[in-house]
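Here is how the chains run, residue by residue.
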Amino acid sequence: MQRPAKGKTPRRPALKKTSHSQKDPVGVYCRIRPLGATDEECCIEMISSTTIQLHAPDGIKANRNGEYKETQYSFKKVFGIQTSQIELFEDVAKPLVDDLIHCKNGLLFTYGVTGSGKTFTMTGSPGEGGLLPRSLDMLFNSIGPLQAKRFVFRTDDKNGMEIQGQVDALLERQKRESNQQSTVPKTPSSKQKPDPEFADMIGPEEACQCEGVDEDSCYSVFVSYIEIYNNYIYDLLEEAPIDPIRHKPPQSKILREDQNHNMYVSGCTEVEVKSTEEAFEVFWRGQKKRRIADTQLNRESSRSHSVFIVKLAQAPLDADGDHILQDKNQVTVSQLCLVDLAGSERTSRTKAEGSRLREAGNINQSLMTLRTCIEVLRENQMCGTNRMVPYRDSKVTHLFKNYFDGEGKVRMVVCVNPKADDYEETMLVMRFAELTQEVEVARPVDRPICSLAAGRRHRNQAFRDELSRRQEEHPGGPSNTEDGSVLNQLLDSLPALPACELVDPTDEQILPRLIEVLERRHRIRQMITEQYTRTANTLKSMLQEFDGHLMAKENFIHEQRGKLGEKDKIMFNQKNEMDRLEKKSKMLEYKIDILQKTTNIYEGDKRSLQQELESREQRLQRELSERKRMEARMQGMVSDTKHQWEKECERRVNAKQLEMQNKLWVKDEKLKQLKAIVSESNSSATSEQQRPPPPPDKPQRNSREKDQPRAPEKRSRSPLPTTGTPIRPHHRRSHSAGGERWVDHKPLSNLDLDTVMQPIIPNAIKVSAASEKALSKCHKYVLTHQELASDGEIQTKLIKGDVFRTRGGGQAVQFTDIETLRQECPTASSRKRRSSGDGPGQHDGNKMDWNDRENRAPVASTSSGLGLQNSYQKRRK
């Protein structure tokens, strides 16, 4: 039994990407779905075969500048609503199948909002096969007679491929056919009658095949089908054991990296298929397990991303063209991934709840990760940055990261629904497609050519046909007459030998005659040899001459090749320079576009700010004019009030002067009467001079002085008591006046109120700003603070506290009391005093004193805060 040889997969080892490798942009195509109803509003217009234009619906037509939103987007090609499935396949998927047969990988995925026709584009319907069945049909039409027998190629568990001998493959085929209870799913036979659901997917007239297929190789096709649901990978071809008692949910698969740094799904079922019908039957078996649901926007909405992987293994034939070459380095594996992405959706429109809401969130998250990866790739390529691409944030991007790193071609079909309800979602899809087109993927290198001669299979088949034909013509075996014809001609050219039979030992004729014939034959042989030698020398000289000419031609060709290589280098350098300049031009265009958009935004902001500034200036002008009118009005009112008060003061002064004059006249009259009485009493006093003088009484006050009105005092702390106790003329004493030393802190911003009653703190250090030096010399601290009271008067507060030393050696103040000095209006205070002094027991003199206080200066009253004790209030009274 021959030991199986392990094949090399993927197609080439993971090499470091060089900067000179050629790159191709991601091919992005657009397909427009027909409208569901003829009366629906359309928001997409096909301008040309590569450009579409989006028209905003009536509800959101105007932007902030009042303009209509009409944007255009360009693609590699745009397919309208009349495009057939075969036309789409010819432009999009057929080149990928051709690359698959020529050992190159490919990735094709559909992208769009929910209900835009992605599944129809990928799968199709009866009579209108999609990209997937047509790709399978083209593949098997191209390699049908060149396929190896079943189980010659066998997959391993590490994304590799093994080759088995004919005997091992035959034994395994017999084992699979006899073992009906095998865990590996049984592949359907290609000779079975196809399922009517997909039997008429592709018509016979639409069949196509690839050109330039290598006939000296054997091929084998393996398919697998997975889905990514809620960011978990499930195998749709896995045959789970049926448990009638307890249903066992499917197990998720994990992603692994093989020895060549390619990602694959570990433990995924790979089925070997031999025909289009067999492959599509396997696909349909997995499609029935795929998760779909009914939503408000789509009756059969895909709730997961599906990935159908077609893997093609090929190995060259041996030198005889009969069997597969048992060399693992000559085995290549290429694969084509056909991805049907679930559509992005808004839950506000689909009204999703519960599990549907969770599915929608995971779908949108995976699509957002794909968009982020595309943006980072584009930024790295255009701006020369080296940011890490977040492939691992989602299973979709992690599985296909090798394609974006240069393992094959990447193509995307953007499916759009032209109805107006999907306008905003379609705008986001168009922006993503525009970004994807700017990403470039390294072009995969070609497969190295096998060193064996080409046409081995054809020659082997021709030999077998000729052998069978000859066997039919000559059943007894092959004839040798042709092989001896040349020898017979050579023997006929020599002299015939005489009879050599010796009868008598004394016969002297036969030997000499034989010697003569032999000598003649020897001479003829020498002549033939000399002629052969001359001919050989002539031929040798001719060959040498031909070799000289050939060497000269080879030297000439070598020189021309050297010159051609130099030209190629120059062309390659020029092409690299052109690519660099083109890339730089694209980057500059991108920057110009960004700057243009930024400029437009700034201009819009500038216009709005100018409008706002103009409106504010107008409002300010109105406020200024209103303020001027108010000032003029207030000035008029102030002047009128001032004039009225001047008149009132003048009237009161005149009345007071008249009253004082009357009082003075009355007192003068009384004085005159008193003088007359005194003069009369003097005459009677002379007679009594002899009498001893009486004890002195208390001196009486002069009537003039007694009758004179008392001058009003400047300040009064409180209303005069009814006992007539005189008020001390000195200033009031504050609570701050103690035996301790104080720091009197008066800020420079305080105003001088010129009041008579001021707090006096003896033995105090007066400062305008608190300092540690001043605090260290005192035990008490007082801060004089001024603020505006509720009645419009200035209110002064004395904030007092104790000074103590801190642990750090500094000084600190703990506030303990607040005293308030408030300015009171003299008019209001006189009214209060007048109302309190109008009771019984008050005489005219007191009334006059209270009236005199109307013209006094404002009075300073004190009040204590922070819970002052009653002893403080009594002492103040």
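Residues numbered from 1 in each chain as written. Predicted model: local features only at pLDDT ≥ 70, side-chain atom pairs only at ≥ 80, totals over all residues. Heavy atoms only, no water.

> Would you mind showing me how to read the nonpolar core here?
Soluble globular proteins tend to bury their nonpolar side chains together. Ranked by size, the top nonpolar core spans 56 residues in total, and within it Ile52, Phe75, Phe400 and Met430 carry the most contacts. What Phe400 contacts, discounting residues up to four positions off in sequence, is Leu107, Val307, Cys337 and Val339. (Core = buried A, V, L, I, M, F, W, Y, C linked by side-chain atoms within 4.5 Å. Buried < 20%, exposed > 50% of the residue type's maximum accessible area, 1.4 Å probe, protein only. Contact = heavy atoms within 4.5 Å.)

> Looking at this structure, how should I read the packing of aromatic side chains?
Considering all chains together, one arrives at 10 aromatic pairs under this definition. The interplanar angle of 35 degrees and the centroid separation of 6.2 Å between the aromatic rings of Tyr29 and Phe79 together place this pair among those described as tilted. Taken as a pair, Tyr29 in strand E3 (residues 27–32) and Phe79 in strand E7 (residues 77–79) lie far apart in primary sequence, 50 residues in all. Assessed through its relative accessible area of 3%, Phe79 is described here as buried. Ring centres 5.1 Å apart and planes at 35 degrees place the aromatic pair Tyr225 and Phe283 in the tilted group. Residue Tyr225 is found in strand E13 (residues 217–229), and its partner Phe283 is found in helix H6 (residues 276–287); the two are separated by 58 residues along the sequence. For the pair Tyr225 and Phe283, a shared accessibility class is recorded, and that class is buried. Taken together, the ring pairs connect Tyr225, Phe280, Phe283, Trp284 and Phe308 into an aromatic cluster. (Phe/Tyr/Trp six-rings, centres within 6.5 Å; stacked < 30°, edge-to-face > 60°. Helix = DSSP H or I, 4+ residues; strand = E, 2+ residues; numbered from the N terminus.)

> When you look at the pattern of salt bridges in this model, what are you seeing that I'm missing?
Side-chain pairing between opposite charges can occur once the charged atoms of the two side chains come close. Inspection of the entire model under this criterion finds 31 salt bridges. We note a salt bridge from Glu90 to Lys94, for which the minimum N-O separation is 3.4 Å. A relative accessible area of 34% places Glu90 in the partly exposed class. A salt bridge links Glu648 to Arg652; the nearest nitrogen and oxygen atoms lie 3.2 Å apart. Placement of both Glu648 and Arg652 in helix H14 (residues 510–685) is noted, with a separation of 4 residues, approximately one turn of the helix. Look at Arg652 and you get partly exposed, because its relative accessible area is 45%. Put simply, Arg154, Glu162 and Glu172 are held in one network by salt bridges that share partners. (Salt bridge = Lys/Arg side-chain N within 4 Å of Asp/Glu carboxyl O.)

> Help me understand H6, please; the structure alone is not making it clear to me.
Each full turn of the α-helix corresponds to 3.6 residues, which orients residues three or four apart in the same direction. The end-to-end C-alpha distance of H6, which contains 12 residues, comes to 16 Å, matching closely the 16 Å that a straight helix rising 1.5 Å per residue would cover. The element H6 is extensively covered by neighbouring structure, given that 9 of its 12 residues are classed as buried. Among all positions of H6, only Thr276, Glu278, Ala279, Phe280, Val282, Phe283, Trp284, Gly286 and Gln287 are buried. Residues of H6 that are buried in the fold lie against helix H4 (131–143), E13, strand E18 (271–273) and strand E21 (305–316). With a side-chain oxygen positioned 3.2 Å from the backbone nitrogen of Glu278, the residue opening H6 is Ser275. (Expected span 1.5 Å × (residues − 1). Polar contact = N/O pair within 3.5 Å; in protein donor to acceptor, adjacent residues only side chain to side chain.)

> Which parts of the structure should I look at to understand the packing of helix H2 (residues 94–101) against H4?
Relative orientation and spacing of two packed helices are given, respectively, by the angle between their axes and the distance between those axes. Relative orientation of the contacting elements H2 and H4 amounts to 40 degrees, with a least axis distance of 10 Å. With respect to H4, the element H2 is oriented oblique. Considering only the axes of H2 and H4, their crossing is right-handed. Mapping the contact onto sequence places Lys94, Val97, Asp98, Leu100 and Ile101 in H2 and Ser135, Met138, Leu139 and Ser142 in H4. Here the contact of H2 with H4 is built from residues that sort into 5 nonpolar, 2 polar and 2 charged. (Axes fitted to C-alpha atoms, helices over the stretch in contact; angles between N-to-C directions. Parallel < 35°, antiparallel > 145°, perpendicular 65-115°, else oblique. Left-handed = near helix turned anticlockwise from the far one by under 90°. Nonpolar A, V, L, I, M, F, W, Y, C, P; charged D, E, K, R; others polar.)

> Would you mind showing me how to read the sheet that holds strand E4 (residues 44–46) here?
To summarise the sheet geometry, strands pair through backbone hydrogen bonds and adopt either a parallel or an antiparallel arrangement. The antiparallel open sheet is built from 3 strands, whose spatial order is E4-E5-E6. Bordering the open sheet on either side are E4 and strand E6 (70–74), each of which pairs with just one other strand. Mean inter-strand twist for the sheet, computed between neighbouring axes without regard to direction, equals 25 degrees. Sheet topology note: the E4/strand E5 (residues 51–55) ladder contains 3 bridges and is antiparallel. Across the sheet, the residue bridging to Ile44 is Leu54, located in E5. (Pairing = 2+ DSSP bridges.)

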